[in-house]
Amino acid sequence: MTPGSNSLIWFRKGLRIHDNPALEYAAKTSTHVYPLFVIDPHYMKPDPTAFSPGSKLAGLNRIRFLLESLLDLDSNLKKLGSRLLVLHGEPGEVLIRCLKEWDIKRLCFEYDTDPYYQSLDAKVKEWVAKFEKPNTDPSAFLKPATTMLSPYLKFGCLSSRYFYQCIKEIEKEFKNHTSPPVSLLGQLYWRDFFYTVGFGTPNFDCMRGNKICRQIPWNNDDELLAAWRDARTGFPWIDAIMVQLRKWGWIHHLARHSVACFLTRGDLFIHWEKGRDVFERLLVDSDWAINNGNWLWLSCSSFFYQYHRIYSPISFGKKYDPSGAYIRHFLPVLKDMPKEYIYEPWTAPLSIQKKANCIIGKDYPKPVISHETASKECKGKMAAAYELNKKQNGKVSDEDLQNLR
Ligand code: FAD
């Protein structure tokens, strides 16, 4: 850690400025130190059946003593030219927010032997040890199901080597931790995999001249491309993801799968390079090797070849989020659509559309294609392109591609 960076000192029990190794360490290694105490709702939860004033876990006297200690700590910090920041909320969530908003590079706190704090630490470690990427939920947006560290890894704010070592440490503690490719460590291996193959493959970011890329006669349809990009396909699952991408600059891995498959080999049959460009511009974590590698993968142009396995823009999201909470959040125009129709609003009777204040074709678009027909056509075109690539050993001319269209 370089001097000049921001540190956060999280006061838990050591509410003092003397003999406080965590505070001393933070002060020595950084230019700015943010002193923080988090009031944990778990500690302050009221108990209507309590026999004396206070919360469920703490009587009034202890709460008063704690508040006085915080005032005392604040006045001692003031003498040092600082102040104590007191925030309320679940400590893990509050800390993550502060780390992001205040650009904190180092979090300092004293080791706590209390079972409650030990279990908070253990929760994080068990989450890492049990991480299985395919079982994470792409529709989870209030509490995302994966680390959301990709922007920090992309810009190098977090060292991938350091992250790797931290995961290894946790794995040592758990016999039954998950394994690559689905574990958290596995995700880092994918990252390195795409960096390696991207570096060693000329024209990795194009179809033409890229010898690991299948040559496929993609359609050129600017209207369909714009409908996908601007969240107007008429498929709420796809459109909600594209709104999240535009608003947040981040979407879950399987959400990326859904929209990339839909744009390319699943439904619209549009060139993966066009989708790659949209992702490149909008993703906070946009990374040349990883983005191109995954678009090659999802379009079945390289690495993955099971083009008959297509993500349904209707049933895939429903599996995770049957009530459509994710869609309602990102597409408020559909917020009152009954859950039976939320993934296929065009099938709702007009009376229901009126009641939901959302007329399909007026307030929200009709589907730009029929998924059933389009996906069948895509499979046929992929089969023909694969056959040609095989026959001509990958040497496919522009004319050959034209003939396949
Ligand atoms: P976690 O699951 O918590 O994984 C931890 C880290 O491992 C990630 O931050 C990332 O650095 C790495 N990682 C995870 N999955 C992959 C993967 N499939 N390939 C390579 N590295 C991975 N990721 C980017 O960082 N930048 C991109 O531009 C990008 N473009 C993508 C485009 C498409 C079409 C698809 C399908 C995936 C893309 N990904 C990209 C990979 C992946 O979706 C994100 O890394 C992941 O969703 C980020 O969330 P997270 O940090 O919570 O991931």
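The shown structure was predicted, so the numbers you read here are calculated from the model rather than taken from an experiment.

## Considering the packing of aromatic side chains
Two aromatic rings, taken as a pair, are described by how far apart their centres are and by the angle between their planes. One pass over the full model with this rule turns up 29 aromatic pairs. Here the aromatic rings of tryptophan 237 and phenylalanine 316 are separated by 6.5 Å at their centres, their planes lie at 65 degrees, and the arrangement is edge-to-face. Taken together, the positions of tryptophan 237 in helix H10 (residues 236–248) and phenylalanine 316 in helix H14 (residues 315–320) put the pair 79 residues apart, joining distant regions of the chain. In this pair, the class of tryptophan 237 matches that of phenylalanine 316, namely buried. Three or more aromatic residues joined by ring pairs make a cluster, and in this case those are Phe141, Trp237, Trp248, Tyr311, Phe316, Tyr320, Tyr326 and Phe330. Stacked on the ring of tryptophan 10, the Lys or Arg arginine 12 has its end atom at 4.5 Å from the ring centre. Positioned over the ring face of tyrosine 386 is arginine 214, at 4.6 Å from the centre of the ring.

## Here's the deal with the environment of glutamate 110
Inspection of the secondary structure assignment puts glutamate 110 in the loop between strand S4 (104–108) and helix H5 (115–130). Expressed as a C-alpha distance, the spacing of glutamate 110 and phenylalanine 11, which sit 99 residues apart in the sequence, is 7.6 Å. Excluding anything up to four places from it in sequence, glutamate 110 contacts Trp10, Arg12, Lys13, Gly14 and Ala22. A polar side-chain atom of glutamate 110 sits 2.6 Å from the main-chain amide nitrogen of lysine 13.

## Quick word on helix H9 (residues 222–229)
What H9 keeps buried is the set Leu224, Leu225, Ala226, Ala227 and Trp228. Where H9 begins, the side chain of aspartate 221 points an oxygen toward the backbone nitrogen of glutamate 223, at a separation of 3.1 Å.

## Remarks on the nonpolar core
Note on soluble globular proteins: their nonpolar side chains tend to be buried together. Ranked by internal contacts, the top residues of the largest apolar core, which has 65 residues, are Trp228, Val259, Phe279, Leu334 and Met382. Counting only elements with at least two residues in this core, the list comes to helix H8 (184–200), H9, H10, helix H11 (253–266), helix H12 (272–282), helix H13 (288–298), helix H15 (325–330) and helix H17 (371–391). Among residues more than four places away in sequence, those in contact with methionine 382 are Ile216, Trp218, Arg265, Phe269, Ser299, Cys300 and Tyr307.

## A look at the pattern of salt bridges
As enumerated under the stated definition, the model contains 15 salt bridges in all. Lysine 172 serves as the salt-bridge partner of glutamate 169, at 3.0 Å between the closest nitrogen and oxygen. Taken together, the positions of glutamate 169 and lysine 172, both in helix H7 (residues 160–173) and three residues apart, correspond to about one turn of that helix. Judged by relative accessible area, glutamate 169 falls into the partly exposed class, the value being 43%. Put simply, aspartate 285 and arginine 256 hold a salt bridge, and the shortest N to O gap is 2.8 Å. With aspartate 285 in the loop between H12 and H13 and arginine 256 in helix H11, this residue pair connects regions lying 29 residues apart in the sequence. Side by side, aspartate 285 and arginine 256 carry an identical accessibility label, which is buried. Beyond isolated ion pairs, a larger network of salt bridges with shared partners links Arg229, Asp230, Arg232 and Arg246.

## Here's the deal with the site of the ligand
If you check the shell around the ligand, you find 28 residues, and the closest are Lys133, Thr146, Thr147, Met148 and His253. One nitrogen or oxygen atom from the main chain of methionine 148 is found 2.6 Å from an oxygen atom belonging to the ligand. For the ligand, a nitrogen atom lies 2.9 Å from a polar atom in the backbone of aspartate 285. Isolated, the ligand exposes 820 Å² of accessible area, and the fraction of that covered by the protein chains is 99%. Counting only elements with at least two residues in the shell around the ligand, the list comes to helix H6 (150–154), H8, H11 and H13. Residues of the shell around the ligand, tallied by class, amount to 14 nonpolar, nine polar and five charged.

Conventions adopted
- Residues numbered from 1 in each chain as written.
- Predicted model: local features only at pLDDT ≥ 70, side-chain atom pairs only at ≥ 80, totals over all residues.
- Heavy atoms only, no water.
- Phe/Tyr/Trp six-rings, centres within 6.5 Å; stacked < 30°, edge-to-face > 60°.
- Helix = DSSP H or I, 4+ residues; strand = E, 2+ residues; numbered from the N terminus.
- Buried < 20%, exposed > 50% of the residue type's maximum accessible area, 1.4 Å probe, protein only.
- Lys NZ or Arg CZ within 6 Å of the ring centre and 35° of its normal.
- Contact = heavy atoms within 4.5 Å.
- Polar contact = N/O pair within 3.5 Å; in protein donor to acceptor, adjacent residues only side chain to side chain.
- Core = buried A, V, L, I, M, F, W, Y, C linked by side-chain atoms within 4.5 Å.
- Salt bridge = Lys/Arg side-chain N within 4 Å of Asp/Glu carboxyl O.
- Near = heavy atom within 4 Å.
- Areas by Shrake-Rupley, 256 points an atom, 1.4 Å probe, with all protein chains shown as cover.
- Nonpolar A, V, L, I, M, F, W, Y, C, P; charged D, E, K, R; others polar.

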